[in-house]
Amino acid sequence: MVLPSFEFLLSSAAAGAALALLSMGVTLTYMTTRVSNFAHATMAITGAVTTLILLDRIFAGFRDSPLYYGLFIVAPIVAALVVGALAVIMYLVAIRPLIRKGTSLIGLMIATLAFDIILNNLLTVVLQLTPAQTVGRLLEANVKGYLVAIYVPLVGYIYPHRLLLPLIALLVAVGLHLFLTRTPFGISMRASIENPQLAKIIGIDIERIYVVSWFLSGATAGMAGSLLAFEMPGISPAAAYLYIVSIFAGSIVGGINSIYGALAGGFLVGSMEAIVPVMLSDLYQLLTGSYVDILRYQRMFSFLLLILVLLVAPEGLAGIKWRGIRRG
Amino acid sequence: MLKVESLNVGYGKFHIVFDVSFEVKERSIFTIVGPNGGGKTTLLNGIMGIATVFSGRVLLKGQDITHLPPHQKARLGIGYMAQTDNIFPGLTVIENLLMAAYGLPESVARDRMETVFTYYPVLKRRTGQKARSLSGGERQMLAISMTLMRDPDVIMLDEPTSGLAPILAKDLLKKIAAMRDELKKTVLLVEQNVKAALEISDDAMLLVSGRSEFVGKAQALLSDEALGRKYLGVK
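Cut-offs used in this document
Residues numbered from 1 in each chain as written. Chains lettered and ligands numbered in written order. Predicted model: local features only at pLDDT ≥ 70, side-chain atom pairs only at ≥ 80, totals over all residues. Heavy atoms only, no water. Helix = DSSP H or I, 4+ residues; strand = E, 2+ residues; numbered from the N terminus. Buried < 20%, exposed > 50% of the residue type's maximum accessible area, 1.4 Å probe, protein only. Contact = heavy atoms within 4.5 Å. Areas by Shrake-Rupley, 256 points an atom, 1.4 Å probe, with all protein chains shown as cover. Salt bridge = Lys/Arg side-chain N within 4 Å of Asp/Glu carboxyl O. Core = buried A, V, L, I, M, F, W, Y, C linked by side-chain atoms within 4.5 Å. Pairing = 2+ DSSP bridges. Axes fitted to C-alpha atoms, helices over the stretch in contact; angles between N-to-C directions. Buried area = accessible area lost by both parts, 1.4 Å probe. Nonpolar A, V, L, I, M, F, W, Y, C, P; charged D, E, K, R; others polar. Expected span 1.5 Å × (residues − 1). pLDDT = per-residue confidence, 0-100. 1 Å grid on protein atoms, 1.4 Å probe; cavity = no way out; pocket = protein on both sides within 12 Å on 5 of 7 lines; lining within 4 Å. Points joined across faces, edges and corners; volume = space filled by probe spheres on them. Phe/Tyr/Trp six-rings, centres within 6.5 Å; stacked < 30°, edge-to-face > 60°.

So, the overall build of chain A
Then, number 1: Helices and strands together make up the secondary structure of chain A, namely 13 helices and two strands.
Then, number 2: A buried classification covers 51% of the 328 residues belonging to chain A.
Then, number 3: Taking the contacts inside chain A whose residues are at least 6 apart along the sequence as the reference set, 75% of them involve residues at least 24 apart.
Then, number 4: As presented, chain A carries roughly 15200 Å² of accessible surface, and 71% of it is formed by carbon and sulfur atoms.

Okay, here's the thing in structure tokens:
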């Protein structure tokens, strides 16, 4: 590949968009409740598993019908609701009681790790309880076998989810901006992030804001996981342990205290993990004639980016004074 | 209007205010004075529910509100202006004011905003500006305006003249007196500017090391030379 194809760029944008949504979710719960949620990637995998169950149990029967494409609309919505509800349960059952008991930030972080391990094991159990034939398809078969590509004139065949992911990420970014700047609830969320004590004494119920922020964080994770299911070479709960490092890298590159920064950081890290290794593999092949699959080491690049960004801008992309740079 | 009975307050395990009782009468100004570190702010925080109340009661119009969360106390009629961090710098002036009326119908909030603009017209010219760009005096005006947005029965002000130029401080104390006389509000004031504050007050308390050393008429405290010399630097 000397020049990247449209399909390759689209799949890289899809990977970037998924990570943008995931990093934004981690940042949102960190900014509101100061909790670094290590269960976030497993929540996304829950969205992926929800999608696969919907696919296998309901939509597979419509393979040759236009209804089959409904999967790409129904699955992200169902996954968002399921994982959003799961995130709220996690907050109400585990995180809030610990915050009220005065648990330290490290203690809260470990609690999310504990929740992550429990959820990850539960997902494995759910998959094991499914009939063996289904488990085989879910765990081992390449999910892309289920996919149907759509022909787009002048472009060729593309998979719908690859268009949907950047589109959803863009809609979430615009929607979130309008929500935070134009609605009283959104403004109260910004106020609660800025100064929770003042928010309380002027009459804002910040507990309600925390619950909504955990729901939004879970819902976007479920949505991203649902569409990522089509990119994964077979779904396994263990995949969460690879994703979580990229999610946090995106969040930190963007700036851990900025929702917009997290969207940008996540997109940058996700698309770079998809593009750079492939380009390097191709370049190596061009120069030496032999092929090395650098994609296996893709996360190395996101952490190189992380270190570079932190060296230049310790507060991440959001901490850079862009206007000052433009004016020189 | 506001009654505090044998209140013990602190943070975590630290006991700071001991067994304090007083009553703030309707349409009056009750001022708490005392040396620094005496527990004045902690007492207000305890009343509002952001410090730990170990024992005792807080009654608002006869209703026990001691253990209600702060946002409910605000909605029941207590407006509290903290000494520091009393505005949202990252929000615009209009967003700050709207947040201070959060939960009220928008038409009511807009009406209240027009009312506070009559007190502080300068804020009307700054509505779209981020609060962080306001001057110190304007920030204080915004903080007081936010306290008024819910049209509270009781207004608690923690050192509102702190950091203001003497002329602005004097003007602010006049406005606090007007809150009682014109707006018919009940004010609980903590103030370092002892003499000027006691002059506009009806009742007062002297709080020293978390304990009440005097509760009574403000004029009586002002004319008590022994207490004035010992604790307040007033001759």
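Regarding the pattern of salt bridges
All names here are of chain B.
Then, number 1: Tallied over the full model, the rule gives 16 salt bridges over all chains.
Then, number 2: A salt bridge links E114 to K124, with the shortest nitrogen-to-oxygen separation between them at 3.1 Å. Note that E114 is positioned in helix α4 (residues 106-119) and K124 in helix α5 (residues 121-124), a separation of 10 residues in sequence.
Then, number 3: Given the relative accessible area of 45%, K124 is considered partly exposed.
Then, number 4: For D202, the salt bridge is made with R180, and the minimal N-O distance between the two is 2.9 Å. One end of the pair, D202, is in the loop between α8 (194-200) and β9 (203-208); the other, R180, is in helix α7 (residues 166-181), and 22 residues separate them in sequence.

Description of the nonpolar core
Then, number 1: The biggest cluster of nonpolar side chains holds 158 residues, and the ones touching the most others in it are F22, I32, L43, I47 and L188 of chain B.
Then, number 2: Top element by residues in this core is helix α1 (residues 6-33) of chain A. It accounts for 11 residues.
Then, number 3: Judged by nonpolar contacts, the second largest core, of nine residues, contains V33, V208, F214 and L221 of chain B.

Let's talk about the environment of D85 of chain B
Residues and elements named next belong to chain B.
Then, number 1: Mapped onto the fold, D85 is located in the loop between β6 (78-81) and α3 (93-99).
Then, number 2: D85 sits in the exposed class, given a relative accessible area of 59%.
Then, number 3: Taking the C-alpha atoms as reference points, D85 and A143, 58 residues apart in sequence, are found 9.2 Å from one another.

Observations regarding unusual backbone geometry
All names here are of chain B.
Then, number 1: In this structure, D19 takes a positive phi of about 50 degrees despite not being glycine.
Then, number 2: Along the chain, D19 falls in strand β2 (residues 14-24).
Then, number 3: One non-glycine residue, S209, lies in positive phi territory at about 50 degrees.
Then, number 4: Summarising the element assignment, S209 is placed in the loop between β9 and β10 (211-217).
Then, number 5: For S209, a relative accessible area of 53% translates into the label exposed.

With respect to the sheet that holds strand β1 (residues 2-11) of chain B
Working definition: the strands of a sheet are paired by backbone hydrogen bonds and lie parallel or antiparallel to each other.
All names here are of chain B.
Then, number 1: Taken in spatial order, the four strands make up an open sheet running β2-β1-β4-β5, and their pairing is antiparallel. The sheet terminates laterally at β2 and β5 (63-64), the two strands that pair on one side only.
Then, number 2: By the bridge criterion, seven bridges tie β1 to β2 in an arrangement that is antiparallel. Within β2, the residue paired with L2 across the bridge is V24.
Then, number 3: Those strands touched by helix α1 (residues 40-48) are β1, β2 and β4 (52-60), and its axis lies near 110 degrees from that of β1.

Thoughts on the interface of chain B and chain A
Then, number 1: At the junction of the two partners, chain B supplies 22 residues and chain A supplies 19 residues.
Then, number 2: Overall, the association of chain B and chain A removes approximately 1800 Å² of surface from exposure, summing both partners, and the carbon and sulfur fraction of that is 64%.
Then, number 3: Remark: the boundary between chain B and chain A carries one salt bridge.
Then, number 4: The salt bridge partner of E95 of chain B is R190 of chain A, with a shortest N-O separation of 3.1 Å.
Then, number 5: Where the side of chain B that touches chain A is concerned, the elements lending two or more residues are α2 (70-76) and α3 of chain B.
Then, number 6: The greatest single-element share of the side of chain B that touches chain A, amounting to four residues, is contributed by α2 of chain B.
Then, number 7: The class makeup of the residues in the side of chain B that touches chain A is 14 nonpolar, three polar and five charged.

Structural notes on helix α6 (residues 160-182) of chain A
Then, number 1: In this model α6 of chain A runs 32 Å from its N-terminal to its C-terminal C-alpha over 23 residues, within 8% of the 33 Å that 1.5 Å per residue would give.
Then, number 2: When we look at burial in α6 of chain A, the residues that qualify are P160, H161, R162, L164, L165, I168, A169, V172, L176 and L180 of chain A.

Describing the confidence of the model for chain B
Then, number 1: Overall, the predicted model of chain B reaches an average pLDDT of 90, with 97% of residues at or above 70.
Then, number 2: The secondary-structure element of chain B with the lowest mean pLDDT is helix α10 (residues 225-232) of chain B, recorded at 70, while α1 of chain B shows the highest, at 95.

Description of the sheet that holds β10 of chain B
Residues and elements named next belong to chain B.
Then, number 1: Taken in spatial order, the six strands make up an open sheet running β6-β7-β8-β3-β9-β10, and their pairing is mixed. Both edges of this open sheet fall to β6 and β10, since each of them pairs with a single strand only. The sheet shows a mean angle of 15 degrees between the axes of neighbouring strands, taken without regard to direction.
Then, number 2: The sheet contact formed by β9 and β10 spans six bridges and is antiparallel. Bridging from a neighbouring strand, L207 pairs with S212 of β10.
Then, number 3: Most of the contacts of α1 go to strand β7 (residues 154-158), to which it runs at about 145 degrees, and overall it touches β3 (29-33), β6, β7, β8 (186-190) and β9.
Then, number 4: Along the sheet, α7 makes contact with β3, β7 and β8, crossing β8 at roughly 150 degrees.

Considerations on the environment of F117 of chain B
All names here are of chain B.
Then, number 1: Mapped onto the fold, F117 is located in helix α4.
Then, number 2: Along the sequence, F117 and S145 sit 28 residues apart, while their C-alpha atoms lie 8.2 Å from each other.
Then, number 3: If we skip the residues at most four places from it in the chain, F117 touches L97, L123, K124 and T127.

Side note on empty space enclosed by the protein
Then, number 1: For the coordinates displayed, the defined rule picks out one cavity of 30 Å³ or more.
Then, number 2: Residue lining of the largest cavity: 16 residues in total, with I201 and I202 of chain A together with Y80, M146 and T147 of chain B positioned closest to the centre.
Then, number 3: For the lining of the largest cavity, the secondary-structure elements that each account for two or more residues are α8 (196-201) of chain A together with β6 and α6 (136-148) of chain B.
Then, number 4: With four residues, β6 of chain B is the single largest residue contributor to the lining of the largest cavity.

Concerning the packing of aromatic side chains
All names here are of chain A.
Then, number 1: Under the criterion given, the structure shown has four aromatic pairs over all chains.
Then, number 2: Here Y91 and W214 contribute two aromatic rings whose centre-to-centre distance is 5.7 Å and whose plane-to-plane angle is 25 degrees, an arrangement assigned as stacked. Of this pair, Y91 sits in helix α3 (residues 71-100) while W214 sits in helix α9 (residues 206-228), and the two are 123 residues apart along the sequence.
Then, number 3: A relative accessible area of 0% means that Y91 is categorised as buried.
Then, number 4: A centroid spacing of 6.1 Å and a plane angle of 40 degrees characterise the contact between F179 and F185, whose relative ring orientation is tilted.

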